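Notes for the structure review
Each chain, letter by letter, is given below.
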Amino acid sequence: MKKRASMTCALICVAAFNSSALESRDPRVRSFVMPTRVVWTSAESDTSSVSDADSLLSPKYGQVPEGAFKQGGGCRMVNRGEPASVLVDFGRELHGGVALASGPISEKGMKVRVRFGESVAETMAELGERGACNDHAIRDSVIELPALGTHELGNTGFRFARIDLVTEGVLSLDSIRAVSLMRDMPRLGSFRCSDQRLNEVWDTAAHTLHLCCQEYIWDGIKRDRLVWMGDMHPEVMAMMAVFGPQEIVNASLDYMQKTTPADQWMNGLPSYTLWWLRCQHDWYYYTGDLEYLKGHHEYIVDVFDHLDRYIGTNHACTLQKGFLDWPTQANRPAVDAGMHALMLMTYENGVAMAEALGVHPPKTNPQR
């Protein structure tokens, strides 16, 4: 009996271990957003028509009301040889996708084309036009809809969505709801001045930063949807001013450390490793979280040991092919001067971190 209990306990422990290793909770909040207006529908003809499109603006419940469709409810899309189309506006920039609820369909395997866009022009564009592409995130795809069911798709940044019925037949579309994925991060900081335009710029910037806080802090929700350390440094500074300390900063910094050996460059760029070190310093400066800094102490020391190889006898930065940002990339003297300044600021940050940790500051002499 005792042996069986021990085996049961062991199995429970193994299951718990496997669960924690293979599963993780999504830190984002999932919510539905109804469209605020119908921007456009395709012209009515003998081969195509859209009727009752404004019904898409009414509150919906996520369940297709079959009885309502039997009475002729919903947006009716008819394709008799030409696609029937509707374009809706959700009123603000979102990250996520859409949930399409369809009623009875006249033919099996009916398909719609879904296009996302940050502008009406982008939503109306073909792939390759106006910068429209499926790189990094799919913004243009064709899917099959179920009868009396809901289909979700999309994982991108958008405000507008266009739906085209591309197969011949009749489709009753009950709803187009945006599925928003956002972290729950209340604004703690604010900005207001006498210039309303400047106030709007600040609000847009704060909203953009919030949108970029997905699994990690991304450089953008549509492109590239990646953690780029050069982009992350100003994001972290803005984060502290608008949202205060957030776990996503730790998660993003940890991700870059775990995926980059200390003797290699983050994102393949020396300057981006320097920005990681500066983010570590700034995070401690704003939060006072010494335990988090201690957890990275050994890695930070190893990174500085690697950097020390790129300081000349006159303390000049010897990193070759540096990168600061695209506008200056062709100006090599400016880039070299900028890399030298960035290296200097990083070592000053390193001294401050060493003092906080109670250890010797990083070396700066290649003749060690």
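Structure report, in brief. Position numbers for residues start from 1 in each chain and track the written sequence from start to end. Where local features are concerned, this predicted model is filtered to residues with pLDDT of at least 70; where side-chain atom pairs are given and counted, the filter is 80 or more; whole-chain, interface and lining totals use all residues. Only hydrogens and water are removed before side-chain values are computed, so all heavy atoms of the structure are retained for them.

Comments concerning the overall build of the chain
Regarding its fold elements, the chain presents ten helices and nine strands. The buried label goes to any residue with under 20% of its type's maximum accessible area, the exposed label to any with over 50%, and the partly exposed label to all in between, with areas taken from a 1.4 Å probe on protein chains only. The proportion of buried residues among the 368 residues of the chain is 44%. Should any heavy atoms of two residues lie within 4.5 Å, those residues are considered in contact. Long-range contacts, defined as pairs at least 24 residues apart, comprise 76% of the intrachain contacts of the chain with a sequence gap of at least 6. Surface accessibility in these figures is a Shrake-Rupley result with a 1.4 Å probe; residues are shielded only by whichever protein chains are displayed. When the accessible surface of the chain is summed, it comes to about 19,500 Å², and 53% of that surface belongs to carbon and sulfur atoms. Helix and strand definitions follow DSSP, with helices as H or I runs of at least four residues and strands as E runs of at least two, each counted in order from the N terminus.

Some points on the pairing of strand β8 (residues 149-165)
Between any two strands, pairing holds if DSSP finds at least two bridges. In the sheet, strand β5 (residues 84-105) pairs with β8 via 14 bridges, with the strands oriented antiparallel. Each residue of the ladder has a partner; that of V98, found in β8, is L153. Across six bridges, the pairing between strand β6 (residues 111-117) and β8 is antiparallel. Bridging across to β8, V112 finds its partner in L165.

Structural notes on the nonpolar core
Residues M229, M239, V249 and W276 are the most contacted members of the largest nonpolar core, which totals 45 residues. Secondary-structure elements contributing two or more residues to this core are α4 (196-212), α5 (229-242), α6 (247-258), α7 (270-287), α8 (290-295), α9 (297-307) and α10 (332-357). Apart from the residues within four sequence positions on either side, W276 is in contact with M229, L253, M256, Q257, M266, H296, Y299 and I300. By convention a nonpolar core is built from buried Ala, Val, Leu, Ile, Met, Phe, Trp, Tyr and Cys residues, the set being connected through side-chain atoms within 4.5 Å. Listed in part, the 28 residues of the second largest apolar core include L56, C75, I143 and I163.

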